[in-house]
There are 2 protein chains.
Amino acid sequence: MKNKVDREIPDDILKEQNYNAFQTSEIGPANKQRVAPLVAVSKGNGKIVNSIQEVVEKLVKDGMTISFHHHLREGDQIFNQVMQTMIDLGIKNLTLAPSSLTNVMNDLVIKAIQAGTITNITSSGMRGSLGEAISRGLLKNPVIFRSHGNRARAIEEGSTKIDVAFLGVPNADRVGNANGMEGAAAFGSLGYALIDAQYADKVVLLTDNIVAYPNTPASIKQTQVDFVVKVDQVGNPDKIGSGATRFTKDPKELKIAKMVNEVITHSAYFKNGFSFQTGSGGAALAVTRYLRQSMLDNKIKASFALGGITKPTVDLLEEGLVDKIMDVQDFDKGAADSMKNDRRQQEIDASWYADPDNKGAMVDQLDVAILSALEIDTKFNVNVMTGSDGIIRGAIGGHQDAAGAKLTIISAPLIRGRIATVVKDVTTIVTPGDLIDVLVTEVGIAINPKRQDLIQALSHVSDLPVYTIEQLQQRAEKIVGRSEALSFTNRTVALIEYRDGSLIDVVKQIKE
Amino acid sequence: MKNKVDREIPDDILKEQNYNAFQTSEIGPANKQRVAPLVAVSKGNGKIVNSIQEVVEKLVKDGMTISFHHHLREGDQIFNQVMQTMIDLGIKNLTLAPSSLTNVMNDLVIKAIQAGTITNITSSGMRGSLGEAISRGLLKNPVIFRSHGNRARAIEEGSTKIDVAFLGVPNADRVGNANGMEGAAAFGSLGYALIDAQYADKVVLLTDNIVAYPNTPASIKQTQVDFVVKVDQVGNPDKIGSGATRFTKDPKELKIAKMVNEVITHSAYFKNGFSFQTGSGGAALAVTRYLRQSMLDNKIKASFALGGITKPTVDLLEEGLVDKIMDVQDFDKGAADSMKNDRRQQEIDASWYADPDNKGAMVDQLDVAILSALEIDTKFNVNVMTGSDGIIRGAIGGHQDAAGAKLTIISAPLIRGRIATVVKDVTTIVTPGDLIDVLVTEVGIAINPKRQDLIQALSHVSDLPVYTIEQLQQRAEKIVGRSEALSFTNRTVALIEYRDGSLIDVVKQIKE
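Residues numbered from 1 in each chain as written. Chains lettered and ligands numbered in written order. Predicted model: local features only at pLDDT ≥ 70, side-chain atom pairs only at ≥ 80, totals over all residues. Heavy atoms only, no water.

1. Points about the sheet that holds strand S16 (residues 368-371) of chain A
All names here are of chain A. Pairing is mixed in the open sheet, where nine strands are placed in the order S15-S14-S13-S12-S16-S20-S24-S25-S26. At either end of the open sheet lies a strand with only one pairing partner, and these are strand S15 (345-347) and strand S26 (466-467). Strand direction decides the pairing type here: strand S12 (residues 274-277) and S16, joined by two bridges, are parallel. Within S16, the position partnered with Gln277 by the bridge is Ala369. (Pairing = 2+ DSSP bridges. Helix = DSSP H or I, 4+ residues; strand = E, 2+ residues; numbered from the N terminus.)

This is how it looks when you write it as structure tokens:
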């Protein structure tokens, strides 16, 4: 059947996997029964285990669901060791349910699939060799992609039940109190991992830094932890964060950033107490810089900045331009350090950040969100999952989550090299177009026709050329030509869930 | 049948209420399925409600279980308003399940029982007119008394299911983020209330101080809260804490405190990195003062202080004599202020403090606990619940919980007025004698014979006269005479649970 954004969702998947097809981005009120873990009662002694093998042998059985977090990003030195151990022990049929997968994990995931150790995956995204392999049919069962908020939702309602969570931390005491802020592998907020710590039946911490008891502040608490494994190195500090903040010098990115700022500051939302999420990447950092100047010029302060946090956002906090930072992950060392030192920077878990099924998430209170796109189409649907070649090379991240902001801006170049970003139909729909308010490209902006208020507000701003999205699409096509239709087989290799758990799209296997 | 501490537990209660009789203070490993709340999904807007009546009408139905916390102690101005509203609305058959009841609540509880609004109570304790009324048979169903850790256990396993929690807080934002640290009614740690916020189906905050969104640090989170009610005054600041710290000048108390310190410092536990819980009250404060001097003299530092926290303990933190304070409640303003200002003072919830059925509570790591007693008998069993007249006038509090420490000291006078504290058989057993290591009275100490190591260590300390507990009991009897046996009817008015949920004793109705 076709769902409400006109995507064909295979009937067998709807039936066999008990899915609903995507209907609406409006998630209505309801009563939801939360689930809870099976807790192994102990006095908290004897949790220290000396090897990964010992803890895997103790806990992991064929067919279980295991999880990891991705706060260590490309510096992660936990995942591969645990996965290799599971392969070596001949464990089979695991469901791998990390908060996301980074490139450093790709080789071992592929190896584990080939060994039959992993037979199911749910993740926020994947890139590189793994995305390529999945797109070419490596895994029998379709991968399930979920946003950060949707992952929290699925865990909290029990549709994803984590048997064992393996959580790398830069410090822990012998009973399992831990945070992300101190130690060689410090990365700041433990936001995504906090859900695993709360809901997994068994929680294993892996650390290279066992500190005196009791370890505080305790983001993960001893009451949640079964074992603490001492390892040589949790992560490579140079690869955990994005390193020193560098503002883009790319004139195209600067132009886009400047226009994004124009859109924000000319909207009704730019007033004292407003809130925003900018995300990471060169253009996002540049937006923050322009926004800072506009806030100073207009004597406007924000109540909170949300999301993945970067040093330029921390600077706004320190300057008094932002009252609070609500921090689900830190993208660089400056942001991580600030969470340690400034109590106005509050660590939040993935549910608080964006679960659509709780009593109110941060994203529900968000005024302005600036998001990226691999592709955006003339219905404003956004793809952040597959390349124009149809291959998986992205992540939902918080895209669907933050897109519910009152003003959602997609910041993207019209074309990338010889590839159009603005297209007639995105390869894969991740975020439905009705949530997107404005597209900003280097040549100008397009406003979603359903936002007549924004069209009014932004139509006469100098330096802000306004086009229809069709005009931008045609302009892109004029430059790079019409792209050939992609060839896919009939086999589904990935399911794209909307944040309420319905199916908004599927990814088919590439035809070779 | 008689349980393992020789108390008669009525068979009908064991059967009808599905109780086990107390067997052992050793709580073994097990797997326990946690429960979880039914969450009313919302975007977090529209939570502000203008009157208590409105929210009670919205949420409370006959037969429900409702809860409150007692962090506002005798300054509480929430409980009576909510209870009066429920009586006025004619709500019936509620189970009242607060973390404890303070004297300021007594009149309304009695009124609500008389009105049929309350038909069941579970609490840590009760005193004054309410304890008297219950002991005389006011409530048809027996009250259930539980320690703080046991309450967390019961809520986490679902045997107490809270339908609506009414939680007074000194600040909250419009979406429900709140802490106990700022505002006119600030009281510090929200330790007991955090369990209600996490497990109740509906969570109502009541505050006189609605602050800007987002309110941080958020001890209670917006994801947990359904409604925020604006009230005129949450609490009377003068009555919330015990006020300025005053050390006792009572020579008897000072003598006991000095001997308690001798016991600690001559034990094997007094070494770098030890931990302690002293509690509140004049004698406890004096112990802290003596302990401080011994720590300075011997260059010994503690890893943590636990429990209800007082300013003298905070002073040790500030002096560097204690590394961390693990804080489930604050007894005075100095302690509450410190939690706000010193991140080494970690707020912990009641489960982390003392739930025997989690993956390790703070009390399981505790070296030294100093506890009080209304009565202690020759089997070292302790009563902190009923007076020698058989009337309910106490609270389990954390008594059973902290008594699991490696060195558990009861600090109590031999006699109080004309009443013996050391007796042949306590009126009510709250904490089993096998957990008690040393009794300290003003005339000397008694060591539990099962602790031959302590008898060895303490027998030759000058200024520390050692007696058998029988000798102390006889000495007390010699002074005040033999007390007459109490007269009770056959009707059970209260059940005393051990911290694992088994029945360690019952309280019978007074014979008039």
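2. Quick notes on the relation of the copies chain A and chain B
The operation relating chain A to chain B is a screw motion whose rotation component is 180°, with 0.0 Å of axial translation and a residual RMSD of 0.0 Å. In symmetry terms, the pair is related by a two-fold rotation axis. The C-alpha atom lying nearest the rotation axis in chain A is that of Ala36(A); the distance is 2.8 Å. Looking at the interface residues of chain A, 100% of them are also at the interface in chain B, so both copies use one shared face. (Least-squares fit on C-alpha atoms with pLDDT ≥ 70 in both. Contact = heavy atoms within 4.5 Å.)

3. Regarding the interface of chain A and chain B
Opposite the 59 residues of chain A that make contact, chain B presents 59 residues. At the boundary of chain A with chain B, total buried surface from both sides reaches about 4900 Å², with 49% on carbon and sulfur atoms. Taken as a group, Val41(A), Lys43(A) and Lys359(A) account for 18% of the area that chain A buries against chain B, more than any other trio of residues on that side. Counting every contact that joins chain A to chain B gives four salt bridges. Asp364(A) is the partner of Lys43(B) in a salt bridge, and the nearest nitrogen-oxygen pair spans 3.8 Å. The tally of links from chain A across to chain B stands at 44 residue pairs in polar contact (both at pLDDT 80 or more). Here the residues of the side of chain A that touches chain B are counted per class, giving 24 nonpolar, 19 polar and 16 charged. Pairing of strand S1 (residues 30-33) of chain A with strand S2 (residues 38-41) of chain B, which is carried by four bridges, proceeds in the antiparallel orientation. Across the sheet, residue Asn31(A) finds its bridge partner in S2(B), namely Ala40(B). (Buried area = accessible area lost by both parts, 1.4 Å probe. Salt bridge = Lys/Arg side-chain N within 4 Å of Asp/Glu carboxyl O. Polar contact = N/O pair within 3.5 Å; in protein donor to acceptor, adjacent residues only side chain to side chain. Nonpolar A, V, L, I, M, F, W, Y, C, P; charged D, E, K, R; others polar.)

4. A short note on the sheet that holds strand S17 (residues 375-377) of chain B
Residues and elements named next belong to chain B. If you trace the three strands from one edge of the open sheet to the other, you get S18-S17-S23, paired in mixed fashion. The open sheet terminates on both sides in strands that have one partner only, identified here as strand S18 (382-383) and strand S23 (422-423). Note: S17 against S18, two bridges, orientation antiparallel. Bridge pairing in S18 links Glu375 to Asn383.

5. Observations concerning the pattern of salt bridges
This structure, assessed with the given rule, holds 52 salt bridges over all chains. Its salt-bridge partner being Arg34(A), residue Asp355(A) comes within 3.7 Å of it at the nearest N-O pair. Of this pair, Asp355(A) sits in the loop between helix H13 (350-354) and S16 while Arg34(A) sits in the loop between S1 and strand S2 (38-41); the two residues are 321 residues apart in sequence, bridging distant segments of the chain. On the accessibility criterion, Arg34(A) (12% relative accessible area) is buried. Notably, a salt bridge pairs Asp342(B) with Arg344(B), separated by 2.8 Å at the nearest N-O pair. Judged by its relative accessible area of 15%, Asp342(B) falls in the buried class. Each of the salt bridges in this network shares a partner with another, and the network as a whole consists of Arg146(A), Arg153(A), Glu157(A) and Glu497(A). (Buried < 20%, exposed > 50% of the residue type's maximum accessible area, 1.4 Å probe, protein only.)

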